[in-house]
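Architecture and fold: a report
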Amino acid sequence: MRAATPSFIAEFPLCTSAADERALEVRLEAARHVYNACLGETLKRLALMRQSMDWQAARTLPKGKERTALFKATMERFDFSSGSIQKHAEACRDACWIGRHLGSHDTQTTSLRAFKAVQMHAFGKRGRPRFKGRNRLHSVEGKGDAVIRLRWQDEKPVVLWDGLVLPLMLDPRDRDRWQEQALSCRTKYVRVLRRTIRGKVRWYAQLVQEGLAPRKERLPVGDGVVGLDLGPGTIAAVSDTDATLEPFCPGVADMDAVIRRLQRAMDRSRRATNPDAFNANGTYRKGVRIKMRSGRYRVLCATKADLERRLAAERKRAHGELANRVLAQGNLIKTEKVSYRSFQKNFGRSVRRRAPSLFVSTLKRKAASAGASVVEFATRTTRLSQFSHDTGGYVRKPLSQRWHVFADGSRVQRDLYSAWLARFVDRDRLDASQCALHWAAAEPLLGRAASGFRQSASGAGFARPHVRPGNGGGVGADRPSQRNGRRDKAADAVAQARAAESSGDGTLRTPGFGRGEVQPA
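The structure reproduced in this document is the subject of the present report. (Residues numbered from 1 in each chain as written. Predicted model: local features only at pLDDT ≥ 70, side-chain atom pairs only at ≥ 80, totals over all residues. Heavy atoms only, no water.)

1. Some points on the pattern of salt bridges
Any two side chains of opposite charge can pair, so long as their charged atoms come close to each other. Definition in use: One speaks of a salt bridge when a side-chain nitrogen belonging to Lys or Arg is within 4 Å of a carboxyl oxygen belonging to Asp or Glu. Here a strand is any run of E in DSSP of at least two residues, a helix any run of H or I of at least four, and the numbering for each starts at the N terminus. A simple rule labels every residue: compare its accessible area, found with a 1.4 Å probe on the protein chains alone, to the largest value its type can have, and call it buried under 20%, exposed over 50%, or partly exposed in between.
Using the criterion set out here, one finds 25 salt bridges in the structure. As a salt-bridge pair, E246 and R325 come within 2.9 Å of each other at their nearest N and O atoms. Of the two residues, E246 is situated in strand β10 (residues 243-247) and R325 in helix α8 (residues 295-327); the sequence distance between them amounts to 79 residues. You'll find E246 and R325 in the same group, each marked buried. Salt-bridge contacts for D415 lead to R402; the nearest nitrogen and oxygen are separated by 2.8 Å. Taken together, the residues D415 in helix α13 (residues 414-422) and R402 in the loop between β14 (393-394) and β15 (403-405) connect sequence positions 13 residues apart. Residues joined by salt bridges that share partners form a network here, namely D254, D256, R352 and R353.

As structure tokens, this is what we get:
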């Protein structure tokens, strides 16, 4: 087996003509048919395999080599493997019009995608995969440096895909030389991606490059230990010289009310155009498909999809900015290894909006590129939210209790205290002696950080290296930028959304976010 090497994705817009876009649409539609055919075949084999006596017997065995061997033998007997599904995909391609638009390698990657989806479902790690409707498959990737590949023509990079020549649209400035460094790495494979942005289809190329993602030179990396306490709605971070407690991803606006209104309007449209699919009491009639979708329904779907896209883009931007600010304070970040599944069960809306697990993944990726490290320690052996260093004991506190009270009556904000304790965790164990030694210097620091919810102890907050010094020297966690200081655009968007009303012609009007993405708070 080949050794796995680190990789990163460099995404560039593609310069396409009308003919290129028509050809790309046809090829993605052909790939969708291959995906659905392979998905149906894999699900059929999985159902037969689960009905077999060997599979039922393997389920009753305890975990071990015998159980694994019986499962493996059953999968081999029913040809439940990626190679067998790839052969099925090639047979389907050669038997119809798909063979004129897809090659062998991109057919194999599409079939492998369907097989892995069913495999994760068989292992119990994901739900049952669904068949993709028209225009619901948005990407096709090559297999190695074949079929879809990156080449250089006239010193400019282009993507070649079976007769199509698609130049990359590069940034002419490339201020941080990130683009130049990314293109200098070896390309493992290329993925062609379709996105719908504000109602217009745009095409992108994702280059999966070998190595670590280049780091922008203007983003500093601190030296020291940073303790991090990540919650569903707030984040606390403590370093040697600074401490801050602030909302987590404040720029991701709460658009739940707008989304619910769109969903209700979509449901009314479905019921009006498909009355036979619902019973007299309004419940859905089992086994009946929704066949009619009006033009208004499609507009509402596009509006909702674009809203979700903008929120995802703002969430990704906020994660990257916050990760840069944390790395500017230290090169060793320590945080609890929390259960994100428990977060989803208890704080579903907040987790959906802020995605704490995605932030930790972004922080790890940026730390690896910067030569830093992120250490996650177990919560069962540390129990930072229950520990008190003055007595050395553990006291359970409800989630509503946001302050930790010491034996002498003094108190400290709970999240800040947990972040400070995280700095002294080593190998899943908390060093209480170090806590007692450093508490005298940390107490006023944490007190000033907790005095204002978004006010940092040093007055400047975690550094924002992306802000140029010319605009007042820097922007701290408690100091909004001059552009957004007077009005919170995210709050304005929420206010407009709540005040949105249906127009006279029955069309639901939803507020826009301007030409760009959702603006940060």
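2. Let's talk about the pairing of strand β1 (residues 7-13)
Quick reminder of the rule: Between any two strands, at least two bridges found by DSSP are needed for them to pair.
Of the two faces of β1, the one lined by F8, A10 and F12 is fully buried and the one lined by S7, I9, E11 and P13 carries no buried residue. Pairing analysis gives seven bridges linking β1 to strand β7 (residues 200-210), with the strands arranged antiparallel. Note on β7: the bridge partner recorded for A10 is L207.

3. Concerning the packing of aromatic side chains
Defined as follows: Pairing of aromatic rings covers Phe, Tyr and Trp, the last through its six-membered ring, and needs centres within 6.5 Å; plane angles under 30 degrees mean stacked, over 60 mean edge-to-face, and all others mean tilted.
Per the counting criterion, the structure on display carries 14 aromatic pairs. Centre to centre, the rings of F80 and F115 are 5.2 Å apart; their planes meet at 50°, and the pair counts as tilted. One end of the pair, F80, is in the loop between α3 (65-77) and α4 (82-94); the other, F115, is in helix α5 (residues 104-122), and 35 residues separate them in sequence. You'll find F80 and F115 in the same group, each marked buried.

4. Structural notes on the sheet that holds β10
The condition is simple: Only the stretch in contact is used when fitting a helix axis, every axis being a line fitted to C-alpha atoms; angles between N-to-C directions are given from 0 to 180 degrees.
Strand order in this open sheet of five strands is β10-β9-β8-β11-β12, and the pairing throughout is mixed. The sheet is open, and its two edges are formed by β10 and β12 (373-377), each paired on a single side. If you compare each strand with its neighbour and ignore which way they point, the axes differ by 20° on average.

5. Some points on the packing of helix α1 (residues 18-51) against α4
Filter applied, for reference: Any angle that is under 35 degrees is reported as roughly parallel, and any over 145 degrees as roughly antiparallel; angles of 65 to 115 degrees are reported as roughly perpendicular and all others as oblique. Take the far helix as the reference: if the near one is turned anticlockwise from it by less than a right angle, the crossing is left-handed, and if turned clockwise, right-handed. Contacts were defined at the residue level, with two residues in contact if any of their heavy atoms lie within 4.5 Å. Charged residues are taken to be Asp, Glu, Lys and Arg, nonpolar residues to be Ala, Val, Leu, Ile, Met, Phe, Trp, Tyr, Cys and Pro, and polar residues to be all remaining types, Gly included.
At a closest axis distance of 10 Å, the pairing of α1 and α4 adopts a crossing angle of 135°. Classified by the interaxial angle, the pair formed by α1 and α4 is oblique. The handedness of the crossing between α1 and α4 is right-handed. Across the interface between the two elements, V34, A37, C38, E41, T42 and R45 of α1 pack against S84, I85, H88, A89 and C92 of α4. Classifying every residue of the contact of α1 with α4 gives six nonpolar, three polar and two charged.

6. Focus on the pairing of strand β6 (residues 187-197)
Burial of β6 is extensive: eight of the 11 residues sit out of reach of the surface. The pairing of strand β2 (residues 139-141) with β6 spans three bridges and is antiparallel. Across the sheet, S139 pairs through a bridge with L193, a residue of β6. Examined bridge by bridge, β6 and β7 share 10 bridges and lie antiparallel to one another. Within the sheet, the bridge partner assigned to V192 lies in β7 and is A205. The hairpin formed by β6 and β7 contains two residues between the paired strands, and R198 there has a positive phi angle of roughly 50°.

7. A closer look at the nonpolar core
Put simply, the rule reads: To define a nonpolar core, start from buried Ala, Val, Leu, Ile, Met, Phe, Trp, Tyr and Cys residues and group those joined through side-chain atoms within 4.5 Å.
I148, V159, W161 and L168 are the most contacted members of the largest nonpolar core, which totals 47 residues. Considering every element that reaches this core, the biggest residue donor is α1, with 11 residues. Once you skip the residues sitting within four places of it in the chain, I148 turns out to touch V140, E141, G142, V159, L160, W161, V190 and V192. Counting 34 residues, the second largest nonpolar core, distinct from the first, contains L228, L230, V258 and L300.

8. A few points about α3
To keep things clear, this is the line we draw: Expected helix span is computed as 1.5 Å times (number of residues minus one).
If you check α3, its first and last C-alpha atoms are 18 Å apart, about what 13 residues at 1.5 Å a residue would give, namely 18 Å. One or two steps after α3, the chain reaches D79, where phi turns positive at roughly 55°.

9. Observations concerning a positive patch on the surface
Test applied: Only residues whose relative accessible area exceeds 30% and that form no salt bridge are eligible for patches; like-charged ones are grouped when within 9 Å, while nonpolar side chains (Val, Leu, Ile, Met, Phe, Trp, Tyr) are grouped when within 5 Å. Only the protein chains shown count as cover for residues, and the accessible areas themselves come from Shrake-Rupley with a 1.4 Å probe. Only four residue types enter the charge count, namely Lys and Arg as positive and Asp and Glu as negative; His and the chain termini do not. To locate a charge, the coordinates of NZ of Lys, CZ of Arg, CG of Asp or CD of Glu are taken.
A cluster of basic residues, R260, R264, R268, R296 and R349, forms a positive patch at the surface. In terms of residue count, the dominant contributor to the positive patch is helix α7 (residues 256-273) (three residues). Tracing the backbone through its elements, the reader meets R264 in helix α7. Here R264 falls in the partly exposed class, since its relative accessible area comes to 45%.

10. Regarding the packing of helix α2 (residues 53-60) against α3
Put simply, α2 and α3 touch, their axes get as near as 9 Å, and they point 160° apart. If you check the angle between α2 and α3, you find them roughly antiparallel. In the packing of α2 onto α3, the handedness of the crossing is left-handed. Listed contacts from α3 to D54, W55, A57, A58 and R59 of α2 are R67, L70, F71, T74, M75 and R77. The residue makeup of the contact of α2 with α3, split by class, is six nonpolar, one polar and four charged.

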